[in-house]
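Below, each chain spelled out in residue letters.
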Amino acid sequence: VAADPPATIAWRDGTLVLLDQTQLPGTECYVECRDVATLVGAIERLAVRGAPALGIVGAYGVALALAEATRTGVDVRELTERVAAARPTAVNLRSGVERAWRAATTGGEDAAAAALQAAQDLAAEDAAASTAMARHGLALIPDGARVLTHCNTGALVSGGGGTAFAVIAAAHTAGRVRHLWVDETRPLLQGARLTAYEARRCGIPHSVLPDSAAASLFAAGQVDVVLVGADRVCADGSVANKVGTYSLAVLAHHHAVPFVVVAPTTTIDVATATGADVVIEQRAAGEVTRVGGVDLAPPGTAAYNPAFDITPPALVTALVTERGVASPVDLESVRRIARDP
Ligand code: MRU
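Residues numbered from 1 in each chain as written. Predicted model: local features only at pLDDT ≥ 70, side-chain atom pairs only at ≥ 80, totals over all residues. Heavy atoms only, no water.

*Asks:* Just checking my understanding: could you explain the overall build of the chain for this structure?
*Replies:* Of regular secondary structure, the chain possesses 11 helices and 16 strands. Scaling as 2.2 N^0.38, a compact globule of 341 residues should have a C-alpha radius of gyration of about 20 Å, and the chain matches this with 19 Å. Projecting the C-alpha coordinates of the chain onto the three principal axes gives extents of approximately 60 × 50 × 40 Å. For the chain, the share of sequence-separated contacts (at least 6 apart) that also reach a separation of at least 24 residues comes to 74%. Summed over its atoms, the accessible surface of the chain is roughly 13,800 Å², and 55% of this surface lies on carbon and sulfur atoms. Within the chain, one finds 27 positive and 35 negative side-chain charges whose respective centroids are separated by 3 Å. (Helix = DSSP H or I, 4+ residues; strand = E, 2+ residues; numbered from the N terminus. Rg over C-alpha atoms; globule rule 2.2 N^0.38 Å. Contact = heavy atoms within 4.5 Å. Areas by Shrake-Rupley, 256 points an atom, 1.4 Å probe, with all protein chains shown as cover. Lys, Arg positive; Asp, Glu negative; His and termini not counted. Charge placed at Lys NZ, Arg CZ, Asp CG, Glu CD.)

Written as structure tokens, this is what we have:
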């Protein structure tokens, strides 16, 4: 097993220091955010990404906004709104901003210190949630499991061990993972670049596959369980997650393979009734039509590039949270497990 992974998110002397995930696995380098514009840029280009991590940096963003407002006279609420709106789908981003803002405005004299404390608390709670999710999720992993996962859900997205990947790592430690199948996760390759990086560090036997090869893997009987994270779980149990998740859920259903979503209760949003109410982030065509700065399609080709899709609750076998497992996943079980029912 490799040395400790580099810190994803750190606060040093008024600067938010983020591991630049766009450069992984080749280079471990950092983005230093001293103002809101730099943080928003880092979020937009996915230097920092994944739902729980977005919540944590959202909260730190309030500390940056307060300092910047004092320095420049720009309205602080305008600055915090820029952070909250940087990406629309992961509910954690806006809720992280709101939590730190509440702390700053009710925390007495030192608003910036209160926002910082809220960010640090959120990171610590997320670490504890990762540990609890790993424990609850382990019960769903059979011995000798061949696990299929999508996107990236480990320490890079979390104050702790992550969501789905925390369960995978716990199952590996328990000797239950025969193989980890890693969807490459087109177009930005969070699976090939980041999950393979984390799996290697943990010593988990793994293979990367093109997303489109998953169907034949199911057909060959090579998948025992699917584990994915979530960017938003709606009141009815619909799951917004990285585009390509829905196809895996349909395949899992067709092949009678359990499809398990692992997400902390901070990702449950009971205020969003159904998947139809989720704003799906649409990203630039160039992410699809170019790779590594090289045109694949003729210049100017249009692209359909949603960052996320919606999996209906009927296709989700279980939702693992730090508070336990909801199964079946429906309005009632989500309401029971949600933090603020
Ligand atoms: O666009 P990304 O890389 O931020 O998308 C991340 C995902 O879809 C993850 O699966 C999700 O945030 C849940 S686990 C952190």
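*Asks:* Before we go on, may I ask you to explain empty space enclosed by the protein in this structure?
*Replies:* Empty space among the atoms can be located by rolling a probe the size of a water molecule over them. Here the structure, examined in full by the defined rule, presents 2 cavities of 30 Å³ or more. If you trace the largest cavity, you find 18 residues lining it, with Arg49, Gly50, Ala51, Asn152 and Asp231 closest to the centre. Of all elements in the fold, only helix H2 (51–72) and strand E9 (239–242) reach the threshold of two or more residues within the lining of the largest cavity. A breakdown of the residues in the lining of the largest cavity according to their chemical character gives 7 nonpolar, 7 polar and 4 charged. Its boundaries defined by the atoms lining it, the second largest cavity holds a volume of some 50 Å³. Here the lining of the second largest cavity is composed, by residue class, of 3 nonpolar, 3 polar and 4 charged. (1 Å grid on protein atoms, 1.4 Å probe; cavity = no way out; pocket = protein on both sides within 12 Å on 5 of 7 lines; lining within 4 Å. Points joined across faces, edges and corners; volume = space filled by probe spheres on them. Nonpolar A, V, L, I, M, F, W, Y, C, P; charged D, E, K, R; others polar.)

*Asks:* What exactly am I supposed to notice about the packing of aromatic side chains here?
*Replies:* The description of an aromatic ring pair uses the distance of the two centres, along with the angle that the planes make with each other. Applying the stated criterion across every chain yields a total of 1 aromatic pair. Between Trp11 and Tyr60, the ring centres sit 5.5 Å apart and the planes meet at 10°, which makes this aromatic pair stacked. Of the two residues, Trp11 is situated in strand E1 (residues 9–12) and Tyr60 in helix H2; the sequence distance between them amounts to 49 residues. Its guanidinium or amino end placed over the ring of Phe308, Lys242 lies 4.6 Å from that ring's centre, counting from NZ or CZ. (Phe/Tyr/Trp six-rings, centres within 6.5 Å; stacked < 30°, edge-to-face > 60°. Lys NZ or Arg CZ within 6 Å of the ring centre and 35° of its normal.)

*Asks:* Please explain the nonpolar core as it appears in this structure.
*Replies:* Within soluble globular proteins, side chains that are nonpolar generally end up buried alongside one another. Ranked by internal contacts, the top residues of the largest apolar core, which has 44 residues, are Ile9, Leu16, Leu18, Leu39, Ile43, Val57 and Val83. When residues of this core are traced back to their parent elements, those giving at least two are strand E2 (15–19), strand E3 (30–33), helix H1 (36–44), H2, helix H3 (76–84), helix H4 (91–106) and helix H5 (111–138). Here this core gets 13 residues from one element, more than from any other, and that element is H2. Each residue touching Ile43, except ones within four places of it in the same chain, is listed here: Val48, Leu54, Val57, Val83, Ala86, Arg87 and Leu93. Among the nonpolar cores identified, the runner-up in size contains 29 residues, and Leu209, Leu217, Val233 and Val329 belong to it. (Core = buried A, V, L, I, M, F, W, Y, C linked by side-chain atoms within 4.5 Å. Buried < 20%, exposed > 50% of the residue type's maximum accessible area, 1.4 Å probe, protein only.)

*Asks:* Help me understand the pattern of salt bridges, please; the structure alone is not making it clear to me.
*Replies:* Side-chain pairs of opposite charge can arise where the charged atoms are in close proximity. Per the stated rule, a full pass over the model turns up 14 salt bridges. Among the ionic pairs, Glu28 bridges to Arg201, the shortest N-O distance being 3.3 Å. Of the two residues, Glu28 is situated in the loop between E2 and E3 and Arg201 in helix H7 (residues 190–202); the sequence distance between them amounts to 173 residues. Arg201 sits in the buried class, given a relative accessible area of 18%. Two residues, Glu281 and Arg283, come together in a salt bridge whose shortest N-O distance is 2.7 Å. Taken as a pair, Glu281 and Arg283 share a single burial class, namely buried. Residues joined by salt bridges that share partners form a network here, namely Arg87, Glu281, Arg283 and Glu287. (Salt bridge = Lys/Arg side-chain N within 4 Å of Asp/Glu carboxyl O.)

*Asks:* Teacher, can you tell me more about unusual backbone geometry here?
*Replies:* Glycine aside, residues mostly have negative phi, and peptide bonds are mostly found in the trans state. Residue Pro187 follows Arg186 across a cis peptide bond; omega there is 0°. In this fold, Pro187 is placed in the loop between strand E5 (177–183) and H7. Cis rather than trans, the peptide bond between Ser327 and Pro328 has omega equal to 0°. For Asp13, which is not glycine, the phi dihedral falls at a positive 45°. In this fold, Asp13 is placed in the loop between E1 and E2.

*Asks:* What is the right way to look at the pairing of E2 in this model?
*Replies:* Each regular strand displays side chains that alternate between the two surfaces of the sheet. Most of E2 sits out of view: 5 of its 5 residues are buried. Bridging between E1 and E2 involves 4 bridges; their strand directions are antiparallel. Across the sheet, the residue bridging to Ala10 is Val17, located in E2. With antiparallel pairing between neighbouring strands as the criterion, E1 and E2 make up a hairpin whose turn holds 2 residues, including Asp13 at a positive phi of roughly 45°. (Pairing = 2+ DSSP bridges.)

These figures capture arrangement, not role.
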